[in-house]
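Overview (structure and organization)
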Amino acid sequence: MRIIPKKVEGIKFGLLSPEQIRKMSEVKIVTADTYDEDGYPIEGGLMDPRLGVVDPGLRCKTCGSRVGDCPGHFGRIELARPVIHVGYAKLINKILRSICRACGRILLPDDKIEAFRQELRKAKRIGKSEEPIVEELFKAARAVKKCPHCGEEQLDIKFEKPTTFIEDKQRLSPIDVRERLEKITDSDAEVMGFDVEVARPEWMVLTVLPVPPVTVRPSITLESGERSEDDLTHKLVDIIRINQRLEENIEAGAPQLIIEDLWELLQYHVTTYFNNEVAGVPPARHRSGRPLKTLAQRLKGKEGRFRSNLSGKRVNYSARTVISPDPNLSINEVGVPELIARELTIPVIVTPMNIEHIKKFIRNGPNKYPGANYVERPDGARLSLARVKNIDELLEKIEPGWKVHRHLIDGDIVLFNRQPSLHRMSIMAHEVRVLPYKTFRLNLCVCPPYNADFDGDEMNLHAIQGQEARAEARVLMRVQEQILSPRFGGPIIGGIHDHISGAYLFTQPEVRFTREQAFHLLYASGINKPLPEPAFVEDGKEYYTGKQIFSLLLPEDLNLTYKAKVCKKCEVCKEEECEYDAYVVIRNGKLEHGVMDEKSFGAFAGELLDRIVKDYGTDAAREFLDNVTKLVINFITWRGFSTGIDDEDLPEEAKERIAEILEEADRKVQELIRAYNENILEQLPGRTLEETLEMRIMQVLSEARDKTGAIANEYLEKEEKRRKHENSARIMAISGARGSLLNLTQMAACVGQQAVRGERIKRGYSGRTLPHFKVGDISASAKGFVRSSYKRGLSPLEFFFHNMGGREGLVDTAVRTSQSGYMQRRLINALQDLKVEYDNTVRDTRGVIVEFRHGEDGADPSRTDWGQMVNVKKIVQRYARKEAA
Amino acid sequence: MRRVDISKHELVPKHEVLSEEEAKKLLEELNISRGQLPKILKNDPMVQKIKAKVGDIIKITRKSKTAGESVYYRVVVNE
């Protein structure tokens, strides 16, 4: 196929003149009926065969082409009386007010008109908007009461939305309006911003209505054989019907009143034909009561032609299904159901090298995996393998140059996506692993970048069709290339939940394995590495520590020191002697001190993972992540890990202390209130006395809650040691696997202050929140302080306050998502084609420079140390360790 | 009324007019025409202060959180 190069020089918008409408129309539509009793379209009806073809097999009566080739042809309706085009009503109003009711000239002296003309020309020359100048002219002309050209007194014109004009209590009919617009001279029209060649003002009042081709409004045949017409056809039927009645009445010489009523009705139908959402006009409805989707509705908004069909399109070679987790896949992989693998295809060109291999796919055909769905001849003709009867005959014909659309197989590169696609990690390239069942499977480490979970989430998959795209996806979009986030320069892909608690437990100092256990664990995790010397021998048995086994996964020359998530941030760091084992030291690839937790390889936080990606590359990082997650998952499954309500059990002593603290807080609040009443409260700068009181109370209460939390944590920890049994909830919180200490506090000790709009709860009755309190009571409990813990349960009043706070949270999230979604849309529309050029400048498509250096420093954040260009401390540390070793 | 020298304000970065040669060199280096540079209005207070004319290129040196100091260029335009 030869491509004829064409360049769009420009686009010109104009109005359709009545002559133009008649010229482009093939048929004058006169009857409101569409089909006769036999189901054939009526000539001169809305489905006239000359308007184009929609039924396959038939030829168009106008151009003689078949379905796909006939573009469709316009028809027309000759309106019995002119009507205003709603879309231009506002402009017509402005013009009517600016021109003389008698002579039709602009209500300004010639020299002023000339001045505006000059200004317009200048604006056009330098490419500035002409609109403000024209607006200026309308404003100036409106104020004139007497025509400077013919001396006619001007009457006040009122515009009644959407299509009525009233001049001094006298209604202007569209005929009057059109007459006035006709009187405008070409030169005056130009000053009002018209290009008279393509848009005369009077064309804004319609005398002929174009009827779009049937291809624009195809009717659909329902299963029952019944025909269902498009909304536009329905609307056009209405217009023709009224138009006919109007015409008959005019011819019969009916009273003026009846004619005007019908005219008004015609105006209504034409208005809603253009736009069925005009303010002040009741929308035209379908028989079922559903508002009709007319011209403007087809284009407008999210479901309109622009956003839904032109900016975004449905594509082939894609699939969508529910996702589920599979820790045995690599982060680079995606599990694809066989059912989908048989449907999605990859085009492969037959060469002498692959011909035998490819023939196997063809032989399997579309239903046996791995097969092929289509073959394409060198001339581009496609043969469906489902329809080929004699495969052997076809196989004979296959030779280099043919194209075969074979099924997806293991190792194919595909794109995987989860909406909303908020950042580039929302679409990543994965390698296919064809698996049984019907869900897409993915490694848990890629949940954070997609923001996916498995409560019913669905994801999309796209099979790449071209070699260049495949190469590009592999190099740039593969999951392992996306481990580092360009947002904060740390890993966004990493361990979550059980990976973290598993690693934490695995690397505890007292964890030990026999030789058999160690081998079993490594084998189950698919790690093929020799064990080091055992850490110690007891009763003749060799034991290995968790840290030793973990070290097998680390690069051999890795040296790294950092403080783990469990670090208590003591005033004096004991470093390697840390009693919590929070000081991580890796020397020559051996984990010597410290436990692994969120800070080691967790998503968003992993220091160790960060080091590995940045120093050893993405391949090493992928391997590390795959192995480490498998290892710790196997460990934690074998070991067992579970949590329950008794993880929040506190001894009586702790409960008493918590109650005491809350009593104390209550007393302090009463004290503050007393001080306020006696006017001895010290006012905070920039606050009123009342605000000061509120702030102090809030402060006291939040301190109280924190203290109860600290006590709870203290006792939970004590109990752990005493009973030699770990507290799973606490482990998850401190290692960063899931939940926080605040969550624990609320469950075990005290829920704390409930807030609405950042303040203690104050709404309800006048002077009090609930009738259970005295008017003016501002004590802790009367304003939404919840003393109870979730475990103990809330009192009815506390529950009510808690619900108020909780509801606000829900509403906030709902509002925030929609608002940030819109903000994102606008940002992306504004920034979409900015690009960093090779000289580091940021330019748009016209080459206009936006930034002279990307981000002012030209840095790629994902190659920085958490946004910091150089971290001298880390570099020194790294080399110092190396030399010492 | 007291006249304030706005260029002394800490939030106003340094503005300088590029000489003919400097301007030519800059445009050549970036391989662009004047129209592709960011603009600044001729009645911008700093433009008037340094008496730049329409078509002049102004070099703006700012303090930057990420880069320490960053350079920006703008061409003076009429409106």
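Residues numbered from 1 in each chain as written. Chains lettered and ligands numbered in written order. Predicted model: local features only at pLDDT ≥ 70, side-chain atom pairs only at ≥ 80, totals over all residues.

**As for the overall build of chain A**
From N to C terminus, chain A includes 26 helices and 31 strands. Against the globule reference of 29 Å for 885 residues, chain A gives a C-alpha radius of gyration of 38 Å, more extended than a compact globule. Classification of the 885 residues of chain A by burial places 33% in the buried group. By sequence separation, contacts in chain A at least 24 residues apart represent 67% of the contacts at least 6 residues apart. (Helix = DSSP H or I, 4+ residues; strand = E, 2+ residues; numbered from the N terminus. Rg over C-alpha atoms; globule rule 2.2 N^0.38 Å. Buried ≥ 20, exposed ≤ 12 C-beta atoms within 10 Å, placed from the backbone. Contact = placed C-beta atoms within 7 Å.)

**A word on the overall build of chain B**
Per the secondary structure count, chain B includes two helices and four strands. Dimensions of chain B, computed from the C-alpha atoms along their principal axes, are close to 45 × 30 × 20 Å. Taken over 79 residues, chain B has a buried fraction of 18%. The contacts in chain B between residues at least 6 apart in sequence include a share of 57% that link residues at least 24 apart.

**Some remarks on helix H17 (residues 515-524) of chain A**
Residues and elements named next belong to chain A. Within H17, burial applies to Ala 518, Leu 521 and Leu 522. Projected onto a plane normal to the axis of H17, the buried residues spread over an arc of 95° and lie on a single side. In H17, those exposed residues whose orientation departs by more than 90 degrees from the buried face are Glu 516 and Tyr 523. Looking at the buried side of H17, the elements it contacts are strand E19 (512-514), strand E21 (541-545), helix H18 (546-551) and helix H20 (607-639). Two residues or fewer after H17 comes Gly 526, characterised by a positive phi angle close to 70°. (Arc of directions from axis to C-beta.)

**Topic: the interface of chain A and chain B**
Facing 11 residues of chain A, the contacting portion of chain B comprises 12 residues. Of the residues belonging to the side of chain A that touches chain B, the class tally is four nonpolar, three polar and four charged. (Nonpolar A, V, L, I, M, F, W, Y, C, P; charged D, E, K, R; others polar.)

**Points about the sheet that holds E21 of chain A**
All names here are of chain A. Taken together, three strands build an open sheet; the order of strands is E19-E21-E20 and the sheet is antiparallel. The open sheet has two edge strands with one neighbour each: E19 and strand E20 (536-538). Between one strand and the next, the sheet's axes are offset by a mean angle of 40°, whatever the strand orientation. By the bridge criterion, three bridges tie E19 to E21 in an arrangement that is antiparallel. Following the sheet pairing, Phe 513 is matched in E21 by Tyr 544. (Pairing = 2+ DSSP bridges. Axes fitted to C-alpha atoms, helices over the stretch in contact; angles between N-to-C directions.)

**Digging into the packing of helix H22 (residues 689-723) of chain A against helix H24 (residues 741-748) of chain A**
All names here are of chain A. Taken N-terminus to C-terminus, the directions of H22 and H24 make an angle of 90°; their axes are 9 Å apart at the nearest point. Overall, the two elements H22 and H24 adopt an arrangement that is roughly perpendicular. Counted together, Arg 705, Thr 708, Gly 709, Ala 712 and Asn 713 of H22 and Leu 741, Leu 742, Leu 744, Thr 745 and Ala 748 of H24 form the full contact between these two elements. Looking at the contact of H22 with H24 residue by residue, the class counts come to five nonpolar, four polar and one charged. (Parallel < 35°, antiparallel > 145°, perpendicular 65-115°, else oblique.)

**Remarks on the nonpolar core**
Residues and elements named next belong to chain A. Core analysis: the biggest nonpolar cluster contains 108 residues, and Val 336, Val 414 and Ala 712 have the highest contact counts within it. Sort the elements by how many residues they give to this core and H20 lands first, with 11 residues. Grouped together as the second largest cluster of nonpolar side chains are 52 residues, Ile 99, Ala 141, Leu 181 and Ile 240 included. (Core = buried A, V, L, I, M, F, W, Y, C linked by C-beta atoms within 7 Å.)

**Details of the sheet that holds strand E13 (residues 382-384) of chain A**
All names here are of chain A. Here we have four strands laid out as an open sheet, ordered E11-E14-E12-E13, and antiparallel in their pairing. Because the sheet does not close on itself, it has two edges, and the strands there are strand E11 (345-349) and E13. Across this sheet, the average inter-strand angle for adjacent strands is 25°, counted without regard to direction. In this sheet, strand E14 (residues 403-407) lies alongside E11 in antiparallel orientation, the contact comprising five bridges. Counted as the bridge partner of Ile 346 is Arg 406 from E14.

**Comments concerning the pairing of strand E10 (residues 333-337) of chain A**
Residue and element names in this part refer to chain A. With respect to burial, E10 is a largely interior element, four of its five residues being buried. Two strands pair when backbone bridges link them, and E10 and strand E17 (residues 440-442) are joined in this way by two bridges, in the antiparallel orientation. Opposite Gly 335, over in E17, you have Arg 441 as the bridge partner.

**Some thoughts on the confidence of the model for chain B**
This prediction gives chain B a mean pLDDT of 90; 100% of its residues lie at or above 70. Reported confidence for the predicted complex is 0.93 by ipTM and 0.82 by pTM. (pLDDT = per-residue confidence, 0-100.)

**Brief notes about the domain arrangement of chain A**
Considered domain by domain, chain A is made up of domain 1 (84-209), domain 2 (230-310), domain 3 (318-482), domain 4 (499-639), domain 5 (645-811) and domain 6 (833-885). With centres defined by C-alpha atoms, the gap from domain 5 of chain A to domain 6 of chain A works out at 45 Å. (Domains from an automatic or database assignment.)

**What to know about unusual backbone geometry**
Of note, the bond from Tyr 369 of chain A into Pro 370 of chain A is cis; its omega dihedral lies within 30 degrees of zero at -5°. By secondary structure assignment, the location of Pro 370 of chain A is in the loop between helix H12 (355-364) and strand E12 (372-376). Residue Pro 420 of chain A is bonded to the preceding Gln 419 of chain A through a cis peptide linkage, with omega at -5°. In this structure, Pro 420 of chain A sits in the loop between strand E15 (413-417) and strand E16 (427-435). Of note in the backbone geometry, Asn 840 of chain A takes a positive phi value of approximately 75° without being a glycine. Along the chain, Asn 840 of chain A turns up in the loop between strand E29 (835-836) and strand E30 (842-843). Even without being a glycine, Asn 31 of chain B presents a positive backbone phi close to 55°. As for its placement among the helices and strands, Asn 31 of chain B is situated in the loop between helix H1 (20-30) and strand E2 (39-41).

**Concerning the environment of Pro 436 of chain A**
Its location among the elements puts Pro 436 of chain A in the loop between E16 and E17. Residues Pro 436 of chain A and Val 336 of chain A lie 100 residues apart in sequence; the distance between their C-alpha atoms is 8.0 Å.

**Details of helix H16 (residues 498-506) of chain A**
All names here are of chain A. Extensive coverage of H16 is indicated by the burial of nine of its nine residues. Within the span of H16, buried status applies to Asp 498, His 499, Ile 500, Ser 501, Gly 502, Ala 503, Tyr 504, Leu 505 and Phe 506. Packed against the buried residues of H16 are H18, helix H19 (598-601), H20 and helix H23 (728-735).

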